[in-house]
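Residue-level structural notes
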Amino acid sequence: LTIAKTGKVTVNGALSNSGTITLNSDSANFASLIAKNTASGDVIYNRWINSLSNGWDLVGSPVVGASLTSSNFSQNQSSGNYAIQPYDNSDNTWTATSSATFNTSSGTGYAMAKATAGTEAFTGTIETSDKDVAITNNSSGSGTQWNLVANPYPSYLALNNAATTA
C-alpha cells in the first residue's frame, strides 16, 4: 500500500501489516495514516526534510523506533557533525550528532537539514495510544522554558474542533 503525499487512510479496526505500507510527503503535503485500534508491522514514512540552505526543519519521527543514517543529512566538514540535533533545554543548546546512525525517540523533536532537500525514510511501527511527553521548565539556571516536542503519529494532531473536521 502506498499513500500519496495528499492521501489519508483511516483504519477503524486492527491494522496488521505483513507487507509494505509507505507514506509519502513533499515540502507542502504529508500523507496520513490513522489506526484507531492496534497496529502491527513496520511502515515507511518518507518524510520531507529541508536543505540546510533553506533553513533547519523541526521534525519528530512519525513512527516508533526509527533509526536514521546520519550521512543522509548535511554535515559540518570541520566538526564532522551531522544536521540531526536534539534540543537540550537544561542549558539552551542543540546536541551535536556525530555517530553513523541516529535512533529517534517517539515524541521528541529534532532540528534536521539535508544537503539537498528531499525525503528521509523513517521506518518503524506506528503509535496507536496516547503518548505522554515530559515538559520541563529549566529557566531557573542557564536553561529555558522552551521544549521541543513532536507529533509521534503518522497523521496530523487536531488542536481544536475546527481541525477535526478538516
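Above this text you will find the structure in question.
Bear in mind that the values here come from a model prediction, so they are computed numbers and not experimental data.

1. Here we look at unusual backbone geometry
Notably, Asn92 is not glycine yet its phi reads approximately 60°, a positive angle. Checked against the element boundaries, Asn92 lands in the loop between strand S10 (84-88) and strand S11 (93-94).

2. Concerning the layout of surface pockets
The volume enclosed by the largest pocket comes to roughly 250 Å³. Contributing to the lining of the largest pocket are Phe30, Ala31, Tyr45, Arg47, Leu58, Val59, Gly60, Pro62, Asn151, Tyr153, Pro154 and Ser155. Broken down by secondary-structure element, the contributors of at least two residues to the lining of the largest pocket are strand S7 (43-49) and strand S8 (57-60). Among the elements that make up the lining of the largest pocket, the one with the highest residue count is S8 (three residues).

3. Concerning the sheet that holds S7
If you trace the four strands from one edge of the open sheet to the other, you get S1-S4-S7-S14, paired in mixed fashion. Each edge of the open sheet carries a strand with a single partner, namely strand S1 (2-3) and strand S14 (118-124). Note: S7 against S14, seven bridges, orientation antiparallel. Considered in S14, the bridge of Val43 is made with Gly124.

Definitions and cut-offs
Residues numbered from 1 in each chain as written. Predicted model: local features only at pLDDT ≥ 70, side-chain atom pairs only at ≥ 80, totals over all residues. Heavy atoms only, no water. Helix = DSSP H or I, 4+ residues; strand = E, 2+ residues; numbered from the N terminus. 1 Å grid on protein atoms, 1.4 Å probe; cavity = no way out; pocket = protein on both sides within 12 Å on 5 of 7 lines; lining within 4 Å. Points joined across faces, edges and corners; volume = space filled by probe spheres on them. Pairing = 2+ DSSP bridges.

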